[in-house]
Structure formats: structure tokens, C-alpha cells
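Chains, contacts and geometry: an overview
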Amino acid sequence: MILVLKKSVTKEEINYIISKIEQAGLKPHISEGADVTIIGCIGHEDAVKAFFGEAEALAGVDKAIRISKPYKLASKELGKERSIFKIGDIEIGGDDIAVIAGPCAVENLENLTEIAENIKKSGAKVLRGGAFKPRTSPYTFQGLGEEGLKYLSEARKKTGLLVATEVMDPRDLDLVCSYADIIQVGARNMQNFRLLQDVGKVNKPVILKRGLCSTIQEFLMSAEYIMSNGNEQVILCERGIRTYETSTRNTLDLSAVPVLKRLSHLPVIVDPSHAAGVWYYVEPLSLAAVAVGADGLMIEVHPVPEKAFSDGAQSLKYGTFDDLINKAKAVAKAVGRNI
Ligand code: PEP
Ligand code: MN
């Protein structure tokens, strides 16, 4: 529920309203607009229902409105048009389109540092790379674990790039947070609610990837799990969904970008690599993602894709990545953004 306050509301009335919200077992969420202040009352549905009548009658409250969507903090209904997250010296969700790139998995320090230096030259601001890998087969490379995190941290020191890496298990969360600038929840864990709750309790931006078979509403409900636990820095990532089509690894749902942007204030990035599954579709899908309003691109890059420990087929070589970024710059310009 949101409470729209009267223009004449006093500071004392606001404090009293907040104390009543808290007494009702709800969390207040204040947005001060140029014209009006609104307070979101977030919590259990029964508590919201019980508090509705009383809330509407409080001094300083103009009206109480039920939020129609099942996700509340992720919704635009709380009054926020867009969220911009400042991470290091970059912003995600503003006019600049963030380029996040790197290998699927961290393999060794030399290879990672070389990739980091090359993607940086092309304009990437964030280095991605998995140290904990969610593999379909238990008999394939599972990631280097903490050793991989250390290499990411070394590569950051050398290049100044920010580091994004996946956390698969709540037990590894503190460890991953001690190395990463941005943590990633992968597609397979989008509905691992315990992980989402724990990720909600840390103070790090999170890239939340859309589940392989998840609807947009389910995706936003997962963002809500993180946000309702206190961490509101969620970056949504469309990475393709499973359909009947087999020509690509997944079907990139580009319409999810404008839909998410209409429903939510959260930044939306696109990972065309895991959607395409093969490198030659990555460029056209990246350009389309920028055209359709994505706030960032996440792209897998490897110097020798045929030797990559994982996802070589969809990884771009340095030259192809550089060409892609140059073309993406032109598309970004055409839609009023910058790379
Ligand atoms: C990844 O980004 O490394 C990854 C495993 O992607 P997804 O979770 O989208 O499959
Ligand atoms: Mn991968």
C-alpha cells in the first residue's frame, strides 16, 4: 500500500505516520517527490489489509492506495521512475550503457589479466568471470573457487575494472562479497529463495539473471525477495529463455527489456552470449539490445574460444568484441545513450 501525503503535511505528522506503519508490522519506504511525498508500507499482505482503514484516517495522509502488483519495491508504483546505481566510478541505470565482459569461467591469472586488459581497451567497465560455475554436468569444470576470486581481484588491481562474479550458495556469500564489486545470481538460482534472502542482506549490487523458464512476473518477484530483505541494488539481466526453438541456445526475449522498464524502476541489462550460444549471433543481438533500451551488455570474451574451459562456442575474440562495441556505440548514440 502507498500513502500519498497531503502537501500541507508536517514533519511531526510524518514521524507519527511512520511510527504507526512500524507498529502495524510494516516497513515504511519514503519517496519525496517534487510535488508530493509518498510512503510505501511494505510487508505481509494481512498486515497491510488490517492497517488500510487506520492509515487512510491518519492526519497528513491524503489517500491510501493498494499496490496492485505482487512485487512492491521493484514496482514503479512506489513512485520511482528509474534507479541509478553508482558502483565505483560507474553508474548503471543512467544514460551510460555499461559494458560487462570477460570469460565464462576464470581459468588462470595470466589469461584473465590479458582478457581484462583487452576488454578495457574496447570500453568495458566491468570484468565478469565465474569462480563458482553452475554446470549441467558434475563431470565438467566447476570453477576455481576462492583461487578464481583472487585472480579477479588481481585483475581489478591491474586494470581498475570492477569485478562481477556469481554466487551459487549462501555458504559462499561472505567469501564472494569480500572479492566482488557486483555479485551475480545465475539463471538457475533465480528462484533459490534462501540465496535471494541472504543476498538481500548484503550491501552489494546484484545482477539477477532471469530463470530459464521464468515469466517476467516471477523474475520481478525474485528481485522483490532481494529488495524486501534490505538490498535494493538489483540489476535485472535478460539472458534468454527456453522455448521450442533450437537454432539458438535460448531465445533472447528482447521484449522483456521494454516490459521490465515499464513495470519496474530497476536497471535492465542483456546477456546475448548465453541467449545465442554461438558467437556469431552475439553482435546483432547486442545491437538490438541497445536499441531496445538495455542499460548494459554482458558479453563473454575469450582469446582462444576453442580452448575455453566453458562456453567457448559463444565467446567472442578480442577483435570481434571490439567491432561489436564500436557498432554498439553508434546505436547507443542513435537512441540518446552513451557507451
Ligand atoms: C554466467 O553468466 O556465467 C552464467 C552461468 O549465466 P546464466 O546463469 O545466465 O546461465
Ligand atoms: Mn557462460
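Check the entry above for the structure.
The text that follows walks through the structure, step by step, so that each part is easy to find. (Residues numbered from 1 in each chain as written. Chains lettered and ligands numbered in written order. Predicted model: local features only at pLDDT ≥ 70, side-chain atom pairs only at ≥ 80, totals over all residues. Heavy atoms only, no water.)

So, on to the sheet that holds strand β10 (residues 182–185). The pairing of strands in a sheet comes from backbone hydrogen bonds and takes either a parallel or an antiparallel form. Strand order in the closed barrel made by the eight strands is β7-β8-β9-β10-β11-β12-β13-β14, with parallel pairing throughout. The average undirected angle you get between the axes of adjacent strands in this sheet is 25 degrees. With four bridges connecting them, strand β11 (residues 206–209) and strand β12 (residues 234–238) associate as parallel partners. Among the inter-strand pairings, K209 is bridged to a residue of β12, identified as C237. Lying on the sheet, helix α3 (residues 109–122) is in contact with β7 (98–102) and β8 (126–128); it crosses β8 at an angle near 145 degrees. (Pairing = 2+ DSSP bridges. Helix = DSSP H or I, 4+ residues; strand = E, 2+ residues; numbered from the N terminus. Axes fitted to C-alpha atoms, helices over the stretch in contact; angles between N-to-C directions. Contact = heavy atoms within 4.5 Å.)

Every α-helix winds through 3.6 residues per turn, so residues three or four apart in the chain are directed the same way. Counted at 1.5 Å a residue, the expected span for helix α1 (residues 11–23) with its 13 residues is 18 Å, and the 18 Å between its end C-alpha atoms agrees. Listed in full, the buried residues belonging to α1 are I14, I17, I18, K20 and I21. End-on view of α1: buried residues confined to an arc of 160 degrees, all on one side of the axis. In α1, the exposed residues that point more than 90 degrees away from the buried face are E12 and Q23. The inward-facing, buried residues of α1 abut β1 (2–5), β2 (27–32), β3 (37–42), α2 (45–57) and β4 (61–65). (Expected span 1.5 Å × (residues − 1). Buried < 20%, exposed > 50% of the residue type's maximum accessible area, 1.4 Å probe, protein only. Arc of directions from axis to C-beta.)

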